[in-house]
There are 2 protein chains.
Amino acid sequence: MYFDKDEEFVMNRIESAKNPKVKQWKKLHTKKGRDTDHQFLIEGTHLIEEARKSGIDPLELIISEEYDVPKNWSDWQVPITYVTDRVMMELSETKSPQGVIAICQQFEHQLIPSQGRYLLIDAVQDPGNVGTIIRTADAAGVDGIVLGDGSVDLYNGKVIRSTQGSLFHLPIVKGNLLEWIEKLKTLDIPVYGTALENGQDYNEIESPSSFALMVGNEGEGVSKELLKETDANLYVPIYGKAESLNVAIATAILLYGLRNK
Amino acid sequence: MYFDKDEEFVMNRIESAKNPKVKQWKKLHTKKGRDTDHQFLIEGTHLIEEARKSGIDPLELIISEEYDVPKNWSDWQVPITYVTDRVMMELSETKSPQGVIAICQQFEHQLIPSQGRYLLIDAVQDPGNVGTIIRTADAAGVDGIVLGDGSVDLYNGKVIRSTQGSLFHLPIVKGNLLEWIEKLKTLDIPVYGTALENGQDYNEIESPSSFALMVGNEGEGVSKELLKETDANLYVPIYGKAESLNVAIATAILLYGLRNK
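Because the structure is predicted, anything quoted here is derived from the model rather than measured.

Focus: the overall build of chain A
1) Next: Helix and strand counts for chain A come out as nine helices and 12 strands.
2) Next: Dimensions of chain A, computed from the C-alpha atoms along their principal axes, are close to 65 × 35 × 30 Å.
3) Next: Counting every position in chain A, which comprises 261 residues, the buried fraction comes to 57%.
4) Next: Here the analysis covers contacts within chain A between residues at least 6 apart in sequence; of these, 76% occur between residues at least 24 apart.
5) Next: Counting every atom, chain A has about 12,000 Å² of accessible surface; 45% of that belongs to carbon and sulfur.
6) Next: The positive charge centre, built from 27 side chains, and the negative charge centre, built from 39, are 4 Å apart in chain A.

Next comes the structure, spelled out in structure tokens:
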């Protein structure tokens, strides 16, 4: 039983933000630190439970003194460190820490394409956008996501929080999008880019049962090199005076629009 | 000519963040300060130009020394204050200030409902969500937005930035949503709430040429009191394992989905 604050694990209590372990954990706030250790942080009860449901067990839990550990966690075999609220503030990447952080091992998904729905992400850089795109793709029943070069790190804290756990639900791999387009083509899966110029209104496309949608960078869109290799390039029509749509919003409209016609 | 750094307006130069004018401007970062003065701040070239295109002329411009004033601004009759980069950092609500801030008078839109598309927002509290919803509604050709009680202030800096200027493109009014539902009903405009329980898949609804869509709070959804008064309550089907969609994402799927079937 690891959740006893008062007995054997009392030694695992950190009261100073200068403790070397705190410094070590804080390295996981950066991509470099995460890549070096092949680890990442998740914050909050809900995300930790979502990870666990998907077979990702924390290597270690960090719990602040005020945190009320859920009863169904009591049989986890996981080392705990209790910390003061000040140390938790230091470790948390949010303004209002939830009082619990898990250190997890990075996981490698396998994505072997077959008939289905795929999302290719080309250099989307805002963590909130990538997280929201993953959550939305999960809702829309996408079977796998390829995170292309130049996209933000999947294990970025804001990405993880914005996915609301969806990064644990479906395979997400890093990959070269040109190679992926080739692979999908050999399976006769149509690949749709997104482009404002020389594109086609998505309403004109017959709803395909298998497809790959490719969305791109916030400012530049999908790179021209990739747009050349697609079966068609789609756009979301603008009926009002807005100049453009946020990339996560456009992704949502297209994924649901292609599915539901 | 007001844009001459070196001549008559040199007196309008602020070098200290403790200058009383800086303190006065900073009050506009809070709803209370904005409501007291009936003013608000907008940051950056693009937003200021969008405001001006819609007839909202700044009362005053604050410009940092490094800012390169667009040539076509040179005939504006507007008082300028030049500030140091440090003062600009103090005044800006973003991490990377663009070097220009405008003080504007709050504007009152009129929204007299007739046949068309409307969006009713019930207590959406995250500024990024409300801003993105306004931008998306503008793109989807919505004719007017009613911001119900409990929603974040329209003049919040993050709301304005997330709209990307769309708050200047279409009428947005504050209002009591129960009263608005009544008004719309007298015009035979169907009002669709959004609800996960006892709702209807939006794909089952025939695309109406006039409608009002009502979206709600991030955690609670649309209030039950309002859901009782609608013609139907819609949901976006979840095909994967995500538990829910972000409210701005759901709004986008519904606005485009209702329009494009």
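More follows now that the structure is in view.
Concerning the domain arrangement of chain A
By a widespread convention, an interface's size corresponds to the accessible area lost as its parts come together.
Residue and element names in this part refer to chain A.
1) Next: Per the domain assignment, the segments of chain A are domain 1 (12-105) and domain 2 (117-259).
2) Next: Between domain 1 and domain 2, the C-alpha centre-to-centre distance is 31 Å.
3) Next: Between domain 1 and domain 2, the residue contacts involve 14 residues of the former and 10 residues of the latter.
4) Next: In this assembly, domain 1 packs against domain 2 so that about 1,100 Å² is buried in total across both faces, 63% of it on carbon and sulfur atoms.
5) Next: The interface formed by domain 1 and domain 2 contains one salt bridge.
6) Next: Elements with a minimum of two residues in the side of domain 1 that touches domain 2: α2 (31-37), β2 (39-43) and α3 (45-53).
7) Next: Class assignment of the residues belonging to the side of domain 1 that touches domain 2 gives a composition of six nonpolar, three polar and five charged.

Looking at the interface of chain A and chain B
1) Next: Each partner contributes to the interface: chain A provides 31 residues, whereas chain B provides 32 residues.
2) Next: Surface buried jointly by chain A and chain B totals about 2,500 Å² across both partners, of which 57% is contributed by carbon and sulfur atoms.
3) Next: Counting the contacts that link chain A with chain B gives zero salt bridges.
4) Next: Connecting chain A to chain B are 18 residue pairs in polar contact (both at pLDDT 80 or more).
5) Next: Those elements that provide at least two residues to the side of chain A that touches chain B are α3, α5 (127-139) and α9 (247-259) of chain A.
6) Next: At six residues, α9 of chain A tops the list of elements feeding residues into the side of chain A that touches chain B.
7) Next: Tallied by class, residues from the side of chain A that touches chain B come to 14 nonpolar, 11 polar and six charged.

With respect to the side chain of Thr 251 of chain A
1) Next: With respect to the element layout, Thr 251 of chain A can be found in helix α9.
2) Next: Ignoring sequence-local partners within four residues, the contact set of Thr 251 of chain A consists of Leu 119, Ile 133, Leu 213 and Val 215 of chain A.

With respect to the pairing of strand β4 (residues 80-83) of chain B
All names here are of chain B.
1) Next: Residue alternation in β4 divides its side chains into two sets, Ile 80 and Tyr 82 and Thr 81 and Val 83, and both sets are buried.
2) Next: Taken together, the two bridges between strand β1 (residues 13-14) and β4 define a ladder with parallel strand orientation. Paired with Ile 14 across the two strands is Val 83, which belongs to β4.
3) Next: Here four bridges tie strand β3 (residues 60-64) to β4, and the two strands are oriented parallel to one another. Residue pairing for β4: Ile 63 is matched across the bridge by Tyr 82.

Observations regarding helix α5 (residues 127-139) of chain B
All names here are of chain B.
1) Next: A rise of 1.5 Å per residue sets the reference length of α5, with its 13 residues, at 18 Å; its end C-alpha atoms lie 18 Å apart and thus fit the reference within 8%.
2) Next: Counting buried positions along α5 yields 12 of 13 residues, so the element is predominantly enclosed.
3) Next: Two to three positions downstream of the cap, the backbone nitrogen of Gly 128 sits 3.0 Å from a side-chain oxygen, assigning the N-cap of α5 to Asp 126.
4) Next: In the segment just after α5, Gly 141 is the residue with positive phi, at about 80°.

Some points on the relation of the copies chain A and chain B
1) Next: Once turned by 180° and shifted 0.0 Å along the axis, chain A lies on chain B with an RMSD of 0.0 Å. One copy is carried onto the other by what is essentially a two-fold rotation axis.
2) Next: Looking at the interface residues of chain A, 100% of them are also at the interface in chain B, so both copies use one shared face.

Topic: the pattern of salt bridges
Residues and elements named next belong to chain A.
1) Next: The full count for this structure, using the stated rule, is 14 salt bridges over all chains.
2) Next: The salt bridge partner of Glu 65 is Arg 13, with a shortest N-O separation of 2.8 Å. Here Glu 65 is found in the loop between β3 (60-64) and β4 (80-83), whereas its partner Arg 13 is found in strand β1 (residues 13-14), with 52 residues between them in sequence.
3) Next: In this structure Glu 65 comes out as partly exposed when scored by relative accessible area, which is 30%.
4) Next: Taking the relative accessible area as the measure of exposure, Arg 13 reaches 29% and is therefore partly exposed.

Here's the deal with the side chain of Asp 153 of chain B
1) Next: Note on placement: Asp 153 of chain B falls in the loop between β7 (144-147) and α6 (157-163).
2) Next: Of the residues examined, Asp 153 of chain B reaches a relative accessible area of 6% and is grouped as buried.

Quick notes on the sheet that holds strand β12 (residues 232-235) of chain A
All names here are of chain A.
1) Next: The strand order across the open sheet built from seven strands is β8-β7-β6-β11-β9-β12-β10, with neighbouring strands paired in parallel fashion. Each edge of the open sheet is held by one strand with a lone partner, namely β8 (172-174) and β10 (200-201).
2) Next: Relative to β12, strand β9 (residues 191-194) runs parallel, the two sharing three bridges. By the bridge assignment for β12, Gly 193 is matched with Asn 233.

The rules behind each value
Residues numbered from 1 in each chain as written. Chains lettered and ligands numbered in written order. Predicted model: local features only at pLDDT ≥ 70, side-chain atom pairs only at ≥ 80, totals over all residues. Heavy atoms only, no water. Helix = DSSP H or I, 4+ residues; strand = E, 2+ residues; numbered from the N terminus. Buried < 20%, exposed > 50% of the residue type's maximum accessible area, 1.4 Å probe, protein only. Contact = heavy atoms within 4.5 Å. Areas by Shrake-Rupley, 256 points an atom, 1.4 Å probe, with all protein chains shown as cover. Lys, Arg positive; Asp, Glu negative; His and termini not counted. Charge placed at Lys NZ, Arg CZ, Asp CG, Glu CD. Domains from an automatic or database assignment. Buried area = accessible area lost by both parts, 1.4 Å probe. Salt bridge = Lys/Arg side-chain N within 4 Å of Asp/Glu carboxyl O. Nonpolar A, V, L, I, M, F, W, Y, C, P; charged D, E, K, R; others polar. Polar contact = N/O pair within 3.5 Å; in protein donor to acceptor, adjacent residues only side chain to side chain. Pairing = 2+ DSSP bridges. Expected span 1.5 Å × (residues − 1). Least-squares fit on C-alpha atoms with pLDDT ≥ 70 in both.

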